[in-house]
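# Results of the structural survey
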There are 2 protein chains.
Amino acid sequence: MDLLQGLLTRRSIRSYQSHEKISKEELVDLLKAAMQAPSAMNKQPWSFVVVDSPDILEKIEKLHPYAAFVKDAGTAIIVCGNRADSYEEYWKVDPLLAGQNLLLAAHGMGLGACWCGIYPDEARTQTFIKLLGLPENVIPMALIVVGIPSVPFVAPTSRYDTKKVHFNKW
Amino acid sequence: MDLLQGLLTRRSIRSYQSHEKISKEELVDLLKAAMQAPSAMNKQPWSFVVVDSPDILEKIEKLHPYAAFVKDAGTAIIVCGNRADSYEEYWKVDPLLAGQNLLLAAHGMGLGACWCGIYPDEARTQTFIKLLGLPENVIPMALIVVGIPSVPFVAPTSRYDTKKVHFNKW
């Protein structure tokens, strides 16, 4: 898939084939793409918790209000920020760019994916810290669900809006 | 360029041809890719300030500690979060994903680009609010420099690190 076309056609997938999930090779490719994101001073202040245990996926469905499809999808990747590795406070930025790379890589591989927000919702952040046993300084930032789509792909409508563009001054 | 290859080969470009800059058509393509990012409840809480005035680019060089090449590049795009449009606090997340899309689109188009952090550095955020005359509720989050590279492209080394991956629990 062409990079520009991929950027324009990626969309959130919320319906998955429950009898099939992504392969280990696909998982590695997703993580490689994620970790190639830029980061302040190249500190790479991120970690990834890959969940494929049906028990934990079921817990995630109960704990996250917008992830009712995660058990069907079969794989959840929690993108975390690592405060201890970060240049200044850029752990609040860099892991999100890695997450977006991962989301796009899934699209490029013909997989379905959906970004389910965690950070900066404080209660949800605490929930995932507990669920995954995250150490101090590791902040769960996004839950990315990945799997084999059960719906035919339909390209999204354009969100381009010239009212959101300003030149030289607001 | 293939999407997966693009994700793996994008790198920050800090050396630009000063006699040439991106075209209006290229700018529109970058912004279209940016605005196709996902956002919480599809609220799209972002705005973009495109700077190509040499005077303002020169000011940015003085005000930002890591953007000494922005005047040569000829174009700076300040990705902003819009608190008033946001679902909950996700203006802290969504515009960054749009910024990453823009960075990748530049790579896909053979342009050079570099992400220069603003948010969450409080002083730098205030500096750009003043420089661009941003209204209340609009937060400058990243300065993305875009231009025609003056250096031959060299693929980056892999940042894939298995120590950053955990399975089911930390």
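See the structure printed just above.
Below is a short write-up of the structure.

What counts, and where the lines are drawn
- Here the residue numbers are simple positions, counted from 1 along each chain's written sequence.
- Chains and ligands are labelled by the order in which they are written, letters from A for the one and numbers from 1 for the other.
- Under the rules for a predicted model, residues below a pLDDT of 70 receive no local features and side-chain atom pairs below 80 are neither given nor counted, while totals for whole chains, interfaces and linings still include all residues.
- Just so you know, side-chain values use all the structure's heavy atoms and leave hydrogens and water out.
- Strands pair, by our definition, only if DSSP identifies at least two bridges between them.
- The helix and strand labels rest on DSSP assignments: H or I over at least four residues marks a helix, E over at least two residues marks a strand, and numbering proceeds from the N terminus.
- A fitted line through C-alpha atoms represents every axis, and for helices the fit uses only the stretch in contact; the resulting angles, taken between N-to-C directions, go from 0 to 180 degrees.
- Residue contacts follow a heavy-atom distance rule, with two residues in contact if any of their heavy atoms lie within 4.5 Å.
- Computed with a 1.4 Å rolling probe, the buried area is the accessible surface lost when two parts are put together, summed over both parts.
- Definition used for salt bridges: Asp or Glu carboxyl oxygen within 4 Å of a side-chain nitrogen of Lys or Arg.
- Think of a polar contact as two N or O atoms within 3.5 Å of one another; within protein, one of them needs to be a possible hydrogen donor and the other a possible acceptor, and neighboring residues in sequence only count if both atoms come from side chains.
- Polarity classes work like this: nonpolar for Ala, Val, Leu, Ile, Met, Phe, Trp, Tyr, Cys and Pro, charged for Asp, Glu, Lys and Arg, and polar for all others, with Gly in that last group.

Bringing the sheet that holds strand β3 (residues 112–117) of chain B into the picture now. The pairing of strands in a sheet comes from backbone hydrogen bonds and takes either a parallel or an antiparallel form. One open sheet accounts for five strands, arranged β5(A)-β1(B)-β2(B)-β4(B)-β3(B); its pairing is mixed. Whereas interior strands pair on both sides, the edge strands pair on one side only; in this sheet they are β5 (165–167) of chain A together with β3 of chain B. Each strand axis lies, on average, 25° off the axis of its neighbour in the sheet, ignoring direction. Relative to strand β2 (residues 75–82) of chain B, strand β1 (residues 46–51) of chain B runs antiparallel, the two being bridged by six bridges. Paired with Val 51 of chain B across the bridge in β2 of chain B is Ala 76 of chain B. Sheet strands touched by helix α2 (residues 24–35) of chain B: β5 of chain A together with β1, β2 and β4 (138–147) of chain B. Its angle to β1 of chain B, the strand with the most contacts, is close to 160°.

On the side of chain B, 75 residues touch chain A, which itself brings 75 residues to the contact. Summing both sides of the interface, chain A and chain B together bury roughly 6,400 Å²; the carbon and sulfur share of this comes to 61%. Per-residue buried area on chain A facing chain B is highest for Gln 36, Arg 159 and Trp 170 of chain A; these three make up 13% of the total on that side. The interface formed by chain A and chain B holds zero salt bridges in total. On inspection of chain A and its partner chain B, the count reaches 40 residue pairs in polar contact (both at pLDDT 80 or more). When residues of the side of chain A that touches chain B are traced back to their parent elements, those giving at least two are α1 (3–9), α2 (24–35), β1 (46–51), α5 (94–108), β3 (112–117), α6 (122–132) and β5 of chain A. A total of nine residues in the side of chain A that touches chain B trace back to one element, the largest contributor, which is α5 of chain A. A class-by-class count of the residues in the side of chain A that touches chain B yields 43 nonpolar, 16 polar and 16 charged. Alignment of β5 of chain A against β1 of chain B, held across three bridges, turns out to be parallel. Paired with His 166 of chain A across the bridge in β1 of chain B is Val 49 of chain B.

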